[in-house]
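These are the residues of each chain, in order.
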Amino acid sequence: MQKLKQWIAESNRIVFFGGAGVSTESGIPDFRSTDGLYSQKFEYPPETIISHDFYLRDPSYFFRFYREKMLPLGFEPNITHRTLAQWEKDNKLLAVITQNIDGLHQKAGSKKVLELHGSVLRNYCTQCGKFHTAEFIRDAEDLPLCSCGGIVKPDVVLYQEALDQSVVSKSVEAIRNADLLIVAGTSLTVYPAAGLIDYYTGNRLVLINRDETPYDYRADLVLHKRLGEVFSQLF
Ligand code: CNA
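What counts as what
- Position numbers for residues count from 1 along each chain, tracking the sequence in the order it is written.
- Local features in this predicted model are restricted to residues of pLDDT 70 or higher, and side-chain atom pairs are both shown and tallied only at a pLDDT of 80 or more, whereas totals for entire chains, interfaces and linings draw on every residue.
- Excluding hydrogens and water, the side-chain figures rest on all heavy atoms present in the structure.
- Secondary structure elements are taken from DSSP: a helix is a run of H or I of four residues or more, a strand is a run of E of two residues or more, and numbering for both begins at the N terminus.
- With the radius of gyration taken over C-alpha atoms, the globule rule is written as 2.2 Å times the number of residues to the power 0.38.
- Note on exposure labels: buried denotes an accessible area under 20% of the residue type's maximum, exposed denotes more than 50%, and partly exposed covers the range between, all computed with a 1.4 Å probe on protein chains only.
- Strands are treated as partners if at least two bridges between them are detected by DSSP.
- Fitted lines through C-alpha atoms give the axes, limited to the stretch in contact for helices. The angle between two N-to-C directions lies from 0 to 180 degrees.
- Polar contacts, as used here, are pairs of N or O atoms within 3.5 Å; protein pairs need one atom able to donate a hydrogen and one able to accept it. Residues neighboring in sequence count only if both atoms are side-chain atoms.
- Here, two residues are considered to be in contact whenever any of their heavy atoms come within 4.5 Å of each other.
- In this text, buried Ala, Val, Leu, Ile, Met, Phe, Trp, Tyr and Cys residues form a nonpolar core when linked through side-chain atoms within 4.5 Å.
- Classification of ring pairs rests on two measures: the distance between centres of Phe, Tyr or Trp rings, Trp counted by its six-membered ring, which must be within 6.5 Å, and the angle between planes, read as stacked under 30 degrees, edge-to-face over 60 and tilted in between.

Peer 1: Where do I start with the overall build of the protein chain in this structure?
Peer 2: In terms of helices and strands, the protein chain carries nine helices and nine strands. Here the C-alpha radius of gyration of the protein chain, 18 Å, is about what a compact globule of 235 residues would show, namely 18 Å. In terms of overall dimensions, the protein chain has a C-alpha envelope of 55 × 35 × 30 Å along the principal axes. Per-residue burial for the protein chain yields a buried fraction of 51% across its 235 residues.

Below is the structure:
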């Protein structure tokens, strides 16, 4: 903790790369913890349901699962989101790169947020392109249909779909320019997102995650702790 505090104090180009573990303390389950989505019972594995093929094959089932399990509305940012927003205000932070789709960084006040996997807060008609809110998707009875008759699709990257290249480029640039890279709350098993941290060439790579990750051996500092515990000790 002392080393982390010192590095944060000395940095003014921090980049934070996070995943679902950043929002579990706001009450949103992650995918791979024992109480996460992948440990629950469904007719198909979650990777199958939230894939592009499945979305095309059975959109009704997709939207039932999506509404029930993936639409995190009504949650509040936690101390990790709030601290990152404060670092941005203090001009210490270059970017938050997130695999999350819950919009909680922006709710905490962060503006420099790069959403690798999109956001449940943006939804567009696949026919006319009209924007719809997350509540529109939540309240639709079966398929969320636009007034033009087209299906409204969440701007969330499904398995088999490509990442937005402009978000990827900005993330690579931020990581290359970081003087401190904090990777946190992610199992680092979802690619290509996890591979982005390879662009960091500095010597202050910090990994904060409750469980071990495949990248632990590459980090300059590893903390196997809850994020709330770490961030509440940073002051
Ligand atoms: P993951 O694979 O579920 O891994 C989460 C990791 O976070 C695990 O290794 C846990 O050990 C760790 N973790 C959980 N809670 C804490 C905590 N309080 N403190 C420290 N560590 C913790 O999730 P990834 O983000 O790595 O996987 C990428 C997927 C998950 C992305 O595509 C996301 O869109 C997707 N996802 C997002 C959300 C969200 O937006 N909040 C929720 C669930 C899944």
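Peer 1: It is not clear to me how the sheet that holds strand β7 (residues 180-184) should be interpreted in this structure. Could you clarify?
Peer 2: Taking strand neighbours across the sheet as the criterion, the six strands line up as β3-β2-β1-β7-β8-β9 in an open arrangement whose pairing is parallel. The open sheet has two edge strands with one neighbour each: β3 (113-115) and β9 (221-223). Between one strand and the next, the sheet's axes are offset by a mean angle of 15 degrees, whatever the strand orientation. Inspection of the sheet shows strand β1 (residues 14-18) paired to β7 by five bridges, in the parallel sense.

Peer 1: I tried to follow the sheet that holds strand β6 (residues 152-156) on my own but got confused; where do I start?
Peer 2: Where strands meet in a sheet, backbone hydrogen bonds hold them as pairs that are either parallel or antiparallel. Strand order in the open sheet formed by three strands is β5-β4-β6, with antiparallel pairing between adjacent strands. Edge strands, defined here as strands with exactly one partner in the open sheet, are β5 (131-132) and β6.

Peer 1: Can you walk me through the side chain of T186 in this structure?
Peer 2: Residue placement: T186 occurs in the loop between β7 and β8 (205-208). Within the structure, T186 has its side chain in polar contact with the side chain of Q99 (distance 3.0 Å). A polar side-chain atom of T186 sits 3.1 Å from the main-chain amide nitrogen of L188. Setting aside residues no more than four positions away along its own chain, T186 makes contact with F17, G18, G19, Q99, N209 and T213.

Peer 1: What am I meant to see in the side chain of H81 here?
Peer 2: Within the fold, H81 resides in helix α5 (residues 79-89). With relative accessibility at 0%, the residue H81 sits in the buried group. Here S23 takes part through its side chain, which lies 3.3 Å from a polar atom of the side chain of H81. If sequence neighbours within four positions are ignored, H81 has contacts with V22, S23, S26, L104, H105, A108 and S110.

Peer 1: In this structure, what is going on with the nonpolar core? I would like to understand it.
Peer 2: If you look at the biggest cluster of nonpolar residues, it comprises 25 residues, and the most contacted ones within it are F17, L116, I175, L181, V183 and L188. The set of elements that each furnish at least two residues to this core consists of β1, β2 (93-98), α8 (165-177), β7 and β8. Core analysis: the second largest hydrophobic core is formed by 21 residues, W87, A184, I208 and L227 among them.

Peer 1: Honestly, the packing of aromatic side chains in this entry has me stumped. Any pointers?
Peer 2: For any two aromatic rings, the description comes down to two numbers: the centre-to-centre distance and the angle of the planes. This structure, assessed with the given rule, holds eleven aromatic pairs. On the numbers, 5.1 Å between centres and 85 degrees between planes, the contact of Y55 with F62 is edge-to-face. The exposure class assigned to Y55 is buried, which follows from its relative accessible area of 6%. Their ring planes at 90 degrees and their centres at 5.1 Å tell us that F62 and F63 sit as a pair that is edge-to-face. One aromatic cluster in this structure is built from Y55, F62, F63 and Y66.

Peer 1: For this particular structure, what's the right way to read the environment of I208?
Peer 2: With respect to the element layout, I208 can be found in strand β8. With 25 residues separating them along the chain, I208 and V183 place their C-alpha atoms 6.3 Å apart. Beyond its immediate sequence surroundings of up to four residues, I208 is in contact with L4, I182, V183, A184, G185, L223, K225, L227, V230 and F231.

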